[in-house]
Amino acid sequence: PPEAKPELALRLAQVEASAGDLKAASGTLDKYCREFPRNAALATALFELRLEDADENSEPGRDLLSLEDHLKKTYVDAATWKYYRARRLLKEAAKGENASLLEVERLQSEIEGERSTWSAPHLLQALICRQTDRHVAAIDALKRAILLGDRRPQVFAMLIDSLYREQRFAEASEHLAQMG
C-alpha cells in the first residue's frame, strides 16, 4: 500500500547503510523525501545520514543547510528543527567557527528547556563537550542520553571513548558489556 512506502524506504535505507553503501541509502532517502516531502522520519533520517557522510567527507556543505530548511518548513516540532540546526552548526564549529559553537550552545539550552526528557539535547551537549575536550562533562551528558532512551551503538561508542580518555577503564568495560 502507498502509505507503507515511507516506512519501507526507511528500512531499505537502513539495510543499505548497514551494508556500507551510504550512497545508495542516501539516494533511497532522497528519492522518497521528494515523494513524501512532509514525512519527518524520512527527512530526519536523510539528515542523519548526510551528517555521517559529512563526518567522512569533512564538508557538510549546502546540502545540510537545504535539509535543515526543509525540516523547518515541513516539521511542526520546533525542538527537532533546532536540534538539526545545532548539529549542522556543530559541524561548522569543528572548523573553528566560534560563533557557530556559541549558537549551538544556545540552541542546546533552548531544546533542553523545551523537551528535558528527550535524549537529543543531552546528546548534543555531549557532542559540544567532546568537541571542546571536556570529556567528564561529555560522559555525564551521554549517560543522561542513554538513561532517557538513546541506545544507539554510536552513543555507547562515544561514551566508551570518553571514558577511556579519562582513564576510567573499568566503567568503560561495563558499558561495553551493556552493548552486548
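Because the structure is predicted, anything quoted here is derived from the model rather than measured.

Another aspect to go through is the pattern of salt bridges. Two side chains bearing opposite charge may form a pair once their charged atoms approach each other closely. Going through the model one piece at a time under the given rule, you end up with 20 salt bridges. A salt bridge links Arg34 to Asp30, with the shortest nitrogen-to-oxygen separation between them at 2.6 Å. You can see Arg34 and its partner Asp30 sitting in helix α2 (residues 22-35), 4 residues apart, about one turn around the helix. Among the residues examined, Arg34 registers a relative accessible area of 64% and is labelled exposed. According to the relative accessible area criterion, Asp30 is partly exposed, its value standing at 22%. Between Arg165 and Asp161 there is a salt bridge, with its nearest N and O atoms 2.7 Å apart. In this pair, Arg165 and Asp161 both sit in helix α9 (residues 153-165), 4 residues apart, roughly one turn of the helix. For Asp161, a relative accessible area of 26% gives the class partly exposed. Members of the salt-bridge network, linked through shared partners, are Glu68, Lys82, Arg85, Arg88, Glu92, Glu103, Arg106, Glu110 and Glu114.

What follows deals with the nonpolar core. If you look at the biggest cluster of nonpolar residues, it comprises 47 residues, and the most contacted ones within it are Leu123 and Leu124. The element contributing the most residues to this core is helix α5 (residues 78-93), with 8 residues. Look past the residues within four positions of Leu124 in its chain and what remains in contact with it is Tyr83, Ala86, Arg87, Leu90, Val104, Gln108 and Ile111.

For Arg115, the position within the fold is in the loop between α6 (98-114) and α7 (120-131). Taking the C-alpha atoms as reference points, Arg115 and Thr80, separated by 35 residues in sequence, lie 9.7 Å from one another. Apart from the residues within four sequence positions on either side, Arg115 is in contact with Asp77, Ala79, Thr80 and Pro121. A polar contact of 2.3 Å, which involves the side chain of Arg115, links it to the side chain of Asp77.

This next bit is on the packing of α6 against α7. Where α6 contacts α7, the two axes come as close as 9 Å, and the packing angle between them is 155°. In terms of orientation, α6 and α7 fall into the roughly antiparallel class. In the packing of α6 onto α7, the handedness of the crossing is left-handed. Seen from α6, the contacting residues are Leu101, Val104, Glu105, Gln108, Ile111 and Glu112; seen from α7, they are Pro121, His122, Leu124, Gln125 and Ile128.

Mapped onto the secondary structure, Gln108 falls in helix α6. Reaching out from Gln108, the side chain makes a polar contact with the backbone oxygen of Pro121 at a distance of 3.0 Å. Each residue touching Gln108, except ones within four places of it in the same chain, is listed here: Pro121, Leu124, Gln125 and Ile128.

Its identity is not glycine, yet Asp133 carries a phi of approximately 55°, on the positive side. Take Asp133: it is sitting in the loop between α7 and α8 (135-147). Residue classification places Asp133 among the exposed residues on the basis of a relative accessible area of 60%. We note that Gln167 has phi near 60°; this positive angle belongs to a residue other than glycine. With respect to the helices and strands, Gln167 occurs in the loop between α9 and α10 (169-178).

What counts, and at which threshold
Residues numbered from 1 in each chain as written. Predicted model: local features only at pLDDT ≥ 70, side-chain atom pairs only at ≥ 80, totals over all residues. Heavy atoms only, no water. Salt bridge = Lys/Arg side-chain N within 4 Å of Asp/Glu carboxyl O. Helix = DSSP H or I, 4+ residues; strand = E, 2+ residues; numbered from the N terminus. Buried < 20%, exposed > 50% of the residue type's maximum accessible area, 1.4 Å probe, protein only. Core = buried A, V, L, I, M, F, W, Y, C linked by side-chain atoms within 4.5 Å. Contact = heavy atoms within 4.5 Å. Polar contact = N/O pair within 3.5 Å; in protein donor to acceptor, adjacent residues only side chain to side chain. Axes fitted to C-alpha atoms, helices over the stretch in contact; angles between N-to-C directions. Parallel < 35°, antiparallel > 145°, perpendicular 65-115°, else oblique. Left-handed = near helix turned anticlockwise from the far one by under 90°.

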